[in-house]
Amino acid sequence: MLKRNLNPNMQRTFTIFLLVLSLKLSAQVPSLSSSEIFQNIKKLNVLGSVLYIAAHPDDENTLMLSYLSKDQLVRTGYLSLTRGDGGQNLIGAEQGYNIGVIRTQELLGARKIDGAQQFFSRAYDFGFSKTREETLTFWDKDKILGDVVWMIRKFRPDVIITRFPPDPRAGHGHHQTSAYLAEEGFALAADPKSYPDQLKFVKPWQAKRLVWNSYTPNFTNDTPTEEKSSYISIEIGGYNSILGKSYTEIAAESRSQHKSQGFGSSPQRGKRTDYFLHKVGQKAEKGLFDGVDISWKRIKGSEKTQALISQTIKSFSVSNPSASIPDLLKVHAELLRLDSANMYMKAKKEEVQDLILQCAGLWFETNPDDYSAVAGDKTSIRVSITKRSNFPVKLLSMRYTGIASDTTLNLNLDPNNLYTYPINTTLPADLKISQPYWLEKPLDKGIFQIDNQQDIGFPENRPGTKTMFRFEIGGQTFTVSRPWIYKFADPAEGEIYRPFEIRPAITATITEPVYIFPTMEPKNVTMLVQAQRQNVKGSIRPQLAAGWKSVPESAEFQFTNKYQQQYFTFAITPPTGNQEVTLKAIATVEGKTFDKSIKTIAYHHIPSQTIFPTAEARLAKVDVKVTAKNIGYIAGAGDDVPTALRQMDCQVTMLNEAGLSKDLAGYDAIVVGVRAYNTEGYLANYQEKLMDYVKNGGTMIVQYTIPGQKVKQIGPFNIELGRDRITEEDAEMRPLIPESPLLNYPNKITEKDFQGWIQERGLYFASNWDKKNYQALFSGNDKGESPKEGSVLYAQYGKGHYIYTGLSFFRELPAGVTGAYRLFANMISVGKK
C-alpha cells in the first residue's frame, strides 16, 4: 500500500497579511512575578527529570506535565513523535504539514503554561492508522527509533512515561507505536553499539524505569497478571499556593491551547489520581522516583551548592527579589566550580543566570523596523534595555547579527531608565530563509528529511538573527542571546509581537492549488508575484510539461516598493488525452531563479508563521462532466471544497445564517461542509427548511459529521453516525448498486476513479440507517476487517435527493484527485439528470 502524502502546495497559498490576527505575544522572555521567581528558586534544589512520550499534539497528559514541572519541580519534557499533520482542523482550511505548523505552535503555547519542554521526532502524521504494523510501514522504524534514542540520550531522563500501551489497547496505530518505540529506546539508549554516530554529540544513558500513565488501571480479563500487580497511584490534582492555581487549572489552560482541535477545557478542581503501570526497568513501589536521588547528593562535591540554594530559598523576599541576587551569585560561582560536563550543571547554570536577570528586573530586546528582510540587505534595528531594580548592573557590550565583533559600552544601568540604540546593519548574505527546518526538503514517505542530527528534536528553528548581551553583575559576567523580534502597536489590540523573517527576494504564489481541464478549452492560471525588498525587476513564467501551452509564455515585472505585488494571468491550454502534471512558477531576477511561494498562517492564539512552499499547482486534463452549476455551500470546520467546485465551473455561494434565511430554490445543490453540524449551532434553526428544499426537488450533500451533532437528525430519515473509517487509501471500494445514477451520471464511475487517493478513503461513516429509504452505495474495508457500507448513503426524498458521505472529499479535492472530482460531480448533478 502506497500512501501519497498531502502536498500543502496543493492547497490555497495566498499571501495572508493579517498582522492583527497574530498572537498578542509578550516579549520572547517574559518578566516573572515574585511568586514565579520563588517557584524557580525552589526548583534549583531538584535534579530529577522525566520524559513523557506519545504520538501527537494533544496526546500528552497536561495535568501530569503540570504536576511534574510545578509540584515535583523536575525537568520535564514531552516528546511528540509527530506534529499532528494528519488531523482535522476546526479553525481553518489548513491541512497536511500546514496544520502541523499550527499544532507545533499550539504545543509550544501549552508548554509555556505547564512548564515542560517540547520535542519532536522526524515522523510525519500520515493520518489515522489502525495498527502498529501499518504505522511502521510508513515511518522508517530505524530512523524514528533512532530519534527516540537520541532524545533519551540528549534529555537524560530518570523516568520515562508513555501515554499509551504498545498494543491494540492504545487504539490508534501511532499511539501503539509511540509506546513500542519508547520501550525499545529505553534499552538501546544505554547501549553504545546502538546508533553510534549519535555519540559524537551525546553519551549513552540508562533511565531508571519506564511506566505507562493511565487514568485508571485499565485492567481487563486479558491483562497480564504481572501488570495487574505492577502499578502505583499518585494524587496529582493538588493546589500550588505559590502560583495560586491547582494543577488541574494549569492543565486545563495548557490543553486549551489546542484550539485547532477544539480542545478548550474547563478545569476539574479537586482530587485526581493517576495510575502508572510498570513496563521496563526497575519497578517502583511507592513513587516515580523510587531509587533515584533527585537532590544535589547525585553531584559530587555539591554540598556547598545545596546549602547556598537552601539559604536563598529561606531568605527570599517577595517584595524585593533583587535582595536574592548576592545569594544567587554565590550559587552561580559554585556551579562554575563543579563538573561543567555534567548535564545538570549546564541546566542549573542557565536556570540561575535567568533568575539573576529576573531578580535584577532586566528587560532587553532587539526590534527590527520591519517584520521581514532579505539576506544580504541592510536593515535597521532598535536595541532596548532597562533595569527595574536598584541592584548594580553594567552592560559591557553587545554583538548583533551583521557584525563580527562586540560593540563595547561599559554602561552602568540606572534604575528604571530605558536605553535605546538605533542601529543600521547588513544581514549576512548566507542567511537561510525562515522556512521551518523540517520543511526544507520534500517528505520521504512518512519521514521529514532532516540532515543535521543536532536539529532533530527542536520544535522550531533556532534564531538566525540575534543580539548577544554581556552584563556584569556582582563581578560576574553573563552572556545572554536574544532573537530579533518585530513589534508594533495595533489601535485595538495594543502591542503585538511577530517573529522576524528572512525571505527570498521575490515570491510567486499560484492562486489555486489545482486546475481541472474537462475540455481542450484554456484556463486562466493566476500568479501573485510579490517583492520582498525594494527595487526588484525580473520576469515570471509558468514551467509546463511537454504538450501544455501558455499564453503569454512569460511576463515582466518591476517593483519599486517592498511588498509591492502584481497579479499575472496565463492562459494554459492542455494537450489531447487525459493527464496530470505539475505547473511551477519560476521568477528570474538578475539571472537568479526563484521558485518559492509564500503563505502566512495567522491566528490569535499563535505567533504568525510564514512558510515558503514550492510555487506549484496541479493541472489535470480529465473527463469530468457537471450538470449542476449553481451551488450553495454551508461552511463547517474549514475546507477548500468550494474552490474545487469552482474548478468544475460551478458558481458557489457561501451560505451563512443570513443566506439560509433566503429562498433556496435557485440552488441546483446545497453542500454541507465537514463537521458543520458539529460546529454551527444555527443549523438547528434551518434543518426543517433544508429538508423542505430537498423535498421540493433540491439536492443536498452532507459531508462527514461526528457523533454529537447539533440537530436531532441530519437527514430526512434516520442516520446514526459512528466512528467507522477506512484508513487504507487504496482499499477496494465495491459498488453495491452499480446502476445507481450516482455511479453513472454524468460520469461513469469505475475502479480507476479510486486510484491516487491520499491518506484515507473516509471517516465517520454511518453505523446504522433506515435501510428502507437509504441506499448504501459502496462496501469497503481495511485489510483484515469486516466490510463497511456507511461511506455513502443516498435517499430520494419527495422530489429531491439527499446524500450523506464520509468519503474524504475535503482532502481529495484540494489535492487534485481526479476520481474524487468525477464522483463529487455526480453527487451534485444527480438532480439535474
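Since we're looking at a predicted model, the values are computed, not measured. (Residues numbered from 1 in each chain as written. Predicted model: local features only at pLDDT ≥ 70, side-chain atom pairs only at ≥ 80, totals over all residues. Heavy atoms only, no water.)

A. Summary view of the overall build of the protein chain. Secondary structure assignment for the protein chain yields 17 helices and 43 strands. On C-alpha atoms alone, the protein chain measures out to a radius of gyration of 29 Å, which is about the 28 Å that the 2.2 N^0.38 rule sets for 833 residues. In terms of overall dimensions, the protein chain has C-alpha extents of about 85 × 75 × 55 Å along its principal axes. Within the protein chain, buried positions represent 59% of all 833 residues. Long-range pairs, those at least 24 residues apart, make up 76% of the contacts in the protein chain between residues at least 6 apart in sequence. Counting every atom, the protein chain has about 32,800 Å² of accessible surface; 48% of that belongs to carbon and sulfur. Here the protein chain contributes 99 positively and 88 negatively charged side chains, and the mean placements of these two sets differ by 3 Å. (Helix = DSSP H or I, 4+ residues; strand = E, 2+ residues; numbered from the N terminus. Rg over C-alpha atoms; globule rule 2.2 N^0.38 Å. Buried < 20%, exposed > 50% of the residue type's maximum accessible area, 1.4 Å probe, protein only. Contact = heavy atoms within 4.5 Å. Areas by Shrake-Rupley, 256 points an atom, 1.4 Å probe, with all protein chains shown as cover. Lys, Arg positive; Asp, Glu negative; His and termini not counted. Charge placed at Lys NZ, Arg CZ, Asp CG, Glu CD.)

B. Looking closely at unusual backbone geometry. With omega at -5°, the peptide bond leading from Val551 into Pro552 counts as cis. A cis amide bond links Tyr745 to the next residue, Pro746, at an omega of -10°. Here Pro746 shows up in the loop between strand E38 (733–735) and strand E39 (766–769). In this structure, Asp58 is a non-glycine residue whose phi angle is positive, near 95°. You can see Asp58 is positioned in the loop between strand E1 (49–54) and helix H2 (62–70).

C. View of the confidence of the model for the protein chain. Of all residues in the protein chain, 95% attain a pLDDT of 70 or more, and the chain-wide mean is 93. Predicted confidence is poor over residues 1–27, with pLDDT under 50, and the contacts of this stretch with residues over four places away or in other chains come to 113 contacts. (pLDDT = per-residue confidence, 0-100.)

D. How the structure looks around the side chain of Thr366. Mapped onto the elements of the fold, Thr366 is located in strand E10 (residues 362–368). Polar contacts involving the side chain of Thr366 include one to the side chain of Thr467, which spans 2.8 Å. When residues no more than four places from it in sequence are discounted, the contact partners of Thr366 are Ile381, Arg382, Val383, Thr467, Phe469, Pro483, Trp484 and Ile485. (Polar contact = N/O pair within 3.5 Å; in protein donor to acceptor, adjacent residues only side chain to side chain.)

E. Local environment of the sheet that holds strand E13 (residues 394–400). Taken in spatial order, the four strands make up an open sheet running E14-E13-E16-E17, and their pairing is antiparallel. Two strands lie at the open edges of the sheet, namely strand E14 (407–412) and strand E17 (476–483), each paired on one side alone. If you compare each strand with its neighbour and ignore which way they point, the axes differ by 20° on average. One ladder, built from eight bridges, connects strand E16 (residues 466–473) with E17; its direction is antiparallel. Bridge pairing links Ile473 to Gln476 in E17. Against the sheet, helix H10 (residues 325–337) contacts E16 and E17, and its axis sits at roughly 90° relative to E17. Against the sheet, helix H11 (residues 343–359) contacts E16 and E17, and its axis sits at roughly 90° relative to E17. (Pairing = 2+ DSSP bridges. Axes fitted to C-alpha atoms, helices over the stretch in contact; angles between N-to-C directions.)

F. Molecular detail of the pairing of strand E9 (residues 273–281). Looking at chain direction, strand E5 (residues 209–214) and E9 are connected through six bridges and run antiparallel. Directly across from Ser214, in E9, lies its bridge partner Tyr275.

G. Just helix H17 (residues 818–829), in detail. A rise of 1.5 Å per residue sets the reference length of H17, with its 12 residues, at 16 Å; its end C-alpha atoms lie 17 Å apart and thus fit the reference within 8%. With 12 of 12 residues buried, H17 lies mostly within the body of the structure. Those residues of H17 that fall on the buried side of the exposure criterion are Thr818, Gly819, Ala820, Tyr821, Arg822, Leu823, Phe824, Ala825, Asn826, Met827, Ile828 and Ser829. (Expected span 1.5 Å × (residues − 1).)

H. Local environment of the nonpolar core. Counting residues in hydrophobic clusters, the biggest one holds 86 residues, and the most contacted among them are Leu645, Tyr802, Phe824 and Ile828. Residue contributions to this core peak at seven residues, all from H17. Formed by 49 residues, the second largest nonpolar core is a distinct cluster that contains Leu44, Leu329, Tyr344 and Ala373. (Core = buried A, V, L, I, M, F, W, Y, C linked by side-chain atoms within 4.5 Å.)

I. Spatial organisation of the pattern of salt bridges. Under the counting rule described, the total for this entry stands at 32 salt bridges. Close ionic contact of Lys487 with Glu495 constitutes a salt bridge, the shortest N to O distance being 3.4 Å. Relative accessible area serves as the criterion here: at 26%, Lys487 is assigned to the partly exposed category. Residue Glu495 is classed as partly exposed on the basis of its relative accessible area, which comes to 42%. (Salt bridge = Lys/Arg side-chain N within 4 Å of Asp/Glu carboxyl O.)

J. Spatial organisation of the side chain of Ser256. Along the chain, the position of Ser256 falls in the loop between helix H8 (247–255) and E9. Owing to a relative accessible area of 13%, Ser256 belongs among the buried residues under this scheme. Beyond its immediate chain neighbours, meaning those up to four positions away, Ser256 contacts Phe263, Gly264 and Ser265.

K. Layout of the packing of aromatic side chains. Throughout the structure, instances matching the rule amount to 29 aromatic pairs. When the ring of Tyr67 is compared with that of Tyr247, the centres are 6.3 Å apart and the planes differ by 85°; the resulting orientation is edge-to-face. Taken as a pair, Tyr67 in helix H2 and Tyr247 in helix H8 lie far apart in primary sequence, 180 residues in all. By relative accessible area, Tyr247 is classed as buried at 3%. Ring pairing ties together the aromatic residues Phe754, Trp757, Phe778, Phe809 and Phe824, which thus form one cluster. Taking the ring centre of Tyr764 as reference, the NZ or CZ of Arg725 above it sits at 5.3 Å. (Phe/Tyr/Trp six-rings, centres within 6.5 Å; stacked < 30°, edge-to-face > 60°. Lys NZ or Arg CZ within 6 Å of the ring centre and 35° of its normal.)

L. The arrangement of the pairing of strand E35 (residues 669–672) in detail. Of the two faces of E35, both are covered, the one formed by Ala669 and Val671 as well as the one formed by Ile670 and Val672. Pairing of strand E33 (residues 630–634) with E35, which is carried by four bridges, proceeds in the parallel orientation. Each bridged residue has a counterpart across the sheet, and for Tyr633 the counterpart in E35 is Val671. Here three bridges tie E35 to strand E36 (residues 699–702), and the two strands are oriented parallel to one another. Residue pairing for E36: Ile670 is matched across the bridge by Met700.

M. How the structure looks around the packing of H2 against helix H3 (residues 97–114). Packing of H2 against H3 leaves a shortest axis separation of 9 Å and a crossing angle of 45°. As the angle between them shows, H2 and H3 are arranged oblique. Contacts from Thr62, Leu65, Ser66, Ser69 and Lys70 of H2 reach H3 at Arg111, Ile113 and Asp114. A breakdown of the residues in the contact of H2 with H3 according to their chemical character gives two nonpolar, three polar and three charged. (Parallel < 35°, antiparallel > 145°, perpendicular 65-115°, else oblique. Nonpolar A, V, L, I, M, F, W, Y, C, P; charged D, E, K, R; others polar.)

N. Focus on the sheet that holds strand E21 (residues 506–510). Pairing is antiparallel in the open sheet, where four strands are placed in the order E21-E23-E27-E25. Sheet topology places E21 and strand E25 (549–551) at the edges, where each strand pairs with a single neighbour. Adjacent strand axes in the sheet meet at a mean angle of 30°, parallel and antiparallel pairs treated alike. Here five bridges tie E21 to strand E23 (residues 523–531), and the two strands are oriented antiparallel to one another. Looking at E23, one finds that Thr509 is bridged to Leu528.

O. Region of the structure containing the environment of Tyr515. In this structure, Tyr515 sits in strand E22 (residues 514–517). Leave out the neighbours within four places in its chain, and Tyr515 touches Ile510, Asn524, Val525, Thr526, Ala617, Arg618, Leu619, Ala620 and Gln647. A polar contact of 3.4 Å, which involves the side chain of Tyr515, links it to the backbone nitrogen of Glu512.

P. A look at the packing of helix H1 (residues 34–43) against H11. Where H1 contacts H11, the two axes come as close as 10 Å, and the packing angle between them is 155°. Taken as axis vectors, H1 and H11 run roughly antiparallel relative to one another. Between H1 and H11 lies a crossing whose hand is left-handed. Of the residues in H11, those in contact with Ile37, Asn40, Ile41 and Lys43 of H1 are Lys348, Glu351, Leu355, Gln358 and Cys359. The class makeup of the residues in the contact of H1 with H11 is four nonpolar, two polar and three charged. (Left-handed = near helix turned anticlockwise from the far one by under 90°.)

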